[in-house]
2 protein chains.
Amino acid sequence: MTTGEKLLQQARLQFWTRGYSNVSVRSISAAAGVDVALIARHFGSKLGLFTASLDHGYDALSLPADPAQLEEYVIALFSQTPRGAAAPSLIQMITSNAHDETVGPMVRDLHRTRLQEPLERLIGRADRAALFMAALIGFAVTEKTLHLAAIARPGSPAYETQLRQLIRAALRFED
Amino acid sequence: MTTGEKLLQQARLQFWTRGYSNVSVRSISAAAGVDVALIARHFGSKLGLFTASLDHGYDALSLPADPAQLEEYVIALFSQTPRGAAAPSLIQMITSNAHDETVGPMVRDLHRTRLQEPLERLIGRADRAALFMAALIGFAVTEKTLHLAAIARPGSPAYETQLRQLIRAALRFED
DNA sequence: ACATGATGTCAACGTTTGTTGACACCCAGC
DNA sequence: GCTGGGTGTCAACAAACGTTGACATCATGT
């Protein structure tokens, strides 16, 4: 694994879980086992490393074409990244960095263009898509950040049941 | 207004919206119009000022005794603090600081003891209360942090409709 | 009038932060 | 053989951070 790949891996691991401002370049370089100055050489700056960690992160994300498959898609999306795993999910990255003063605008724009707007086109109604996204965001925050005990662990049957209930509820609003 | 009150007001305004680590003591003291060193004198440290801003913040929060009043209570809770208001809500404070490395544990503990556990006792079931709280957290993050356009502005009829739909959906899970 | 404690003012400290420049290394290409 | 660009190493920088100590000011009580 090259130096750039080591840095990218650690950057995604730390930036996506702890948040941009909470992570120092020395922390990433130390975890990658390389010198601090190599971040500036390979990625220009700390911000360049963060944006690079985004570029290779959300290209795998592709919503299903059929709204009926949305529920299974979200279940799979949340189940594939257990709590504290080595590969944080895109939603966790958003909840960890959307509030940041430096990268917040970039992250919020990414959320809008890469998640929200495709979801609106898929569901067909903006307000319903917004509440659906709010349910997902809230579930992710409650599980990954607040560590709420009543939220079951990813992979367990209860976890899938909880998530499925919230999804169905968010998708079945009456007018 | 005394110096301590000025500092507390600005501390609550900035800490609760921008997050603990994103706010410097110089920013608070400058907004309050007083010297930086007065924070150390009156509250001991930056962390002391933060905890003081909590003490006078959540004492007004009291859940209704009847679960049937829960919906109206949450509506009122979210409607009384418009976007960008001078008095951020307790939920916004939690979503802005729960992820912080310094005050995160304290904030998460406050969320658990002051919001989650009383809510569990009120609703009666921990898992249902957890999903209800997840819906509220998600709505707050989507509105206050992500600034999602499809979320209507607080006070408008559409806003109340959206919030009410999410609440009802979260409270009416089938077993 | 004077002493005392609380409160405000100013400058500086030590640490951590991201970033930069000088230098060594190494491996291809004329 | 040696030259040059890519890569790694080390030390240092300026800026921002929270915090501290010395001194000034003011109100209060005897």
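Fair warning: this is a prediction, and the values are worked out from it, not measured in the lab. (Residues numbered from 1 in each chain as written. Chains lettered and ligands numbered in written order. Predicted model: local features only at pLDDT ≥ 70, side-chain atom pairs only at ≥ 80, totals over all residues. Heavy atoms only, no water.)

Q: Break down the protein's contact with DNA strand C for me, with residues and values.
A: For DNA strand C, the set of nearby residues contains 16 residues, the closest of which are Arg26 and Lys46 of chain A together with Thr3, Arg41 and His42 of chain B. The share of sugar and phosphate among atoms of DNA strand C within 4 Å of the protein is 31%. In the environment of DNA strand C, a phosphate oxygen lies 2.7 Å from a nitrogen or oxygen atom belonging to the side chain of Lys46 of chain A. His42 of chain B is positioned with one of its side-chain polar atoms (N or O) 2.7 Å from a phosphate oxygen of DNA strand C. Contributions of two or more residues to the surface near DNA strand C are made by helix H2 (25-32) and helix H3 (37-43) of chain A together with helix H3 (37-43) of chain B. In terms of residues, the surface near DNA strand C owes the most to one element, H3 of chain B, which gives four residues. In terms of residue class, the surface near DNA strand C is built from seven nonpolar, four polar and five charged. (Near = heavy atom within 4 Å. Polar contact = N/O pair within 3.5 Å; in protein donor to acceptor, adjacent residues only side chain to side chain. Helix = DSSP H or I, 4+ residues; strand = E, 2+ residues; numbered from the N terminus. Nonpolar A, V, L, I, M, F, W, Y, C, P; charged D, E, K, R; others polar.)

Q: Can you lay out empty space enclosed by the protein for me, pointing to particular residues and giving the numbers?
A: Under the defined criterion, the tally for this structure stands at four cavities of 30 Å³ or more. In this structure, the largest cavity spans a volume of roughly 330 Å³. The wall of the largest cavity is formed by 25 residues, among which Ser96 and His99 of chain A together with Thr95, Ser96 and His99 of chain B lie closest to the centre. Counting only elements with at least two residues in the lining of the largest cavity, the list comes to helix H6 (90-97) and helix H8 (126-145) of chain A together with helix H6 (90-97) and helix H8 (126-145) of chain B. Its residues assigned to classes, the lining of the largest cavity shows six nonpolar, 15 polar and four charged. (1 Å grid on protein atoms, 1.4 Å probe; cavity = no way out; pocket = protein on both sides within 12 Å on 5 of 7 lines; lining within 4 Å. Points joined across faces, edges and corners; volume = space filled by probe spheres on them.)

Q: An account of the nonpolar core is needed here, citing residue identities and associated values.
A: Grouped together as the largest cluster of nonpolar side chains are 107 residues, with contacts concentrated most on Phe15, Leu49 and Phe78 of chain A together with Phe15, Leu49 and Phe78 of chain B. Residues contacting Phe15 of chain A, with those up to four places away along its chain left out, are Tyr20, Val23, Ile28, Lys46, Leu49, Phe50, Ser53 and Asn97 of chain A. (Core = buried A, V, L, I, M, F, W, Y, C linked by side-chain atoms within 4.5 Å. Buried < 20%, exposed > 50% of the residue type's maximum accessible area, 1.4 Å probe, protein only. Contact = heavy atoms within 4.5 Å.)

Q: Summarise unusual backbone geometry; cite the residues concerned and give the values.
A: Residue and element names in this part refer to chain A. Although it is not a glycine, His147 adopts a positive phi angle of roughly 50°. With respect to the helices, strands and loops of the structure, His147 is situated in the loop between H8 and helix H9 (157-171). Classification of His147 as partly exposed rests on a relative accessible area of 42%.

Q: Summarise the environment of Phe78 of chain A; cite the residues concerned and give the values.
A: Residues and elements named next belong to chain A. Structurally, Phe78 is set in helix H5 (residues 70-79). We classify Phe78 as buried; its relative accessible area is 4%. Along the primary structure Phe78 and Phe139 are separated by 61 residues, whereas in three dimensions their C-alpha atoms are 9.7 Å apart. With residues near it in sequence (within four places) discarded, Phe78 still touches Ile91, Leu136, Phe139, Ala140, Glu143, Tyr159 and Leu163.

Q: Now, about the relation of the copies chain B and chain A: what can you tell me, with residues and values included?
A: Overlaying chain B with chain A gives an RMSD of 0.0 Å, the required rotation being 180° about an axis along which the chain moves by 0.0 Å. Viewed as a symmetry operation, the transformation between the two copies matches a two-fold axis. When C-alpha distances to the rotation axis are compared across chain B, the minimum falls at Gly138 of chain B, with a value of 1.7 Å. Here 100% of the contact residues of chain B are again contact residues in chain A; the copies associate through an equivalent surface. (Least-squares fit on C-alpha atoms with pLDDT ≥ 70 in both.)

Q: Residue-level account of the domain arrangement of chain A, with values.
A: Residues and elements named next belong to chain A. The domain architecture assigned to chain A consists of domain 1 (3-55) and domain 2 (67-171). Distance from the C-alpha centre of domain 1 to the C-alpha centre of domain 2: 25 Å. Contacts between the two partners involve 12 residues from domain 1, matched on the other side by 15 residues from domain 2. Surface buried jointly by domain 1 and domain 2 totals about 1000 Å² across both partners, of which 72% is contributed by carbon and sulfur atoms. When the buried surface of domain 1 facing domain 2 is broken down by residue, Trp16, Tyr20 and Leu54 rank first, second and third, together holding 47% of it. The tally of links between domain 1 and domain 2 comes to zero salt bridges. (Domains from an automatic or database assignment. Buried area = accessible area lost by both parts, 1.4 Å probe. Salt bridge = Lys/Arg side-chain N within 4 Å of Asp/Glu carboxyl O.)

Q: Give me the lowdown on the interface of chain B and chain A, citing residues and values where you can.
A: At the interface, 38 residues of chain B touch 38 residues of chain A. Here chain B and chain A share an interface that buries about 3200 Å² over both sides, 70% of which is from carbon and sulfur atoms. Across the pair Arg18 of chain B and Glu101 of chain A runs a salt bridge whose closest N-O atoms are separated by 3.1 Å. If you look at where chain B meets chain A, you find eight residue pairs in polar contact (both at pLDDT 80 or more). The set of elements that each furnish at least two residues to the side of chain B that touches chain A consists of helix H1 (3-18), H6, helix H7 (104-123), H8 and helix H9 (157-171) of chain B. When residues in the side of chain B that touches chain A are grouped by element, the largest group, 11 residues, is from H8 of chain B.

Q: Please provide a residue-by-residue account of the side chain of Ser96 of chain B, values included.
A: Tracing the backbone shows Ser96 of chain B in helix H6. A polar side-chain atom of Ser96 of chain B sits 3.4 Å from the main-chain carbonyl oxygen of Thr17 of chain B. Apart from the residues within four sequence positions on either side, Ser96 of chain B is in contact with His99 of chain A together with Trp16, Thr17 and Gly19 of chain B.

Q: Talk me through the protein's contact with DNA strand D; I want residue IDs and the actual numbers.
A: Within the structure, DNA strand D sits among 17 residues, and Thr3, Arg41 and His42 of chain A together with Arg26 and Lys46 of chain B are positioned closest to it. Within the side chain of His42 of chain A, one N or O atom sits 2.8 Å away from a phosphate oxygen of DNA strand D. One of the side-chain N or O atoms of Lys46 of chain B is found 2.7 Å from a phosphate oxygen in DNA strand D. Those elements that place two or more of their residues in the surface near DNA strand D are H3 of chain A together with helix H2 (25-32) and H3 of chain B. Residues that form the surface near DNA strand D fall into these classes: seven nonpolar, four polar and six charged.

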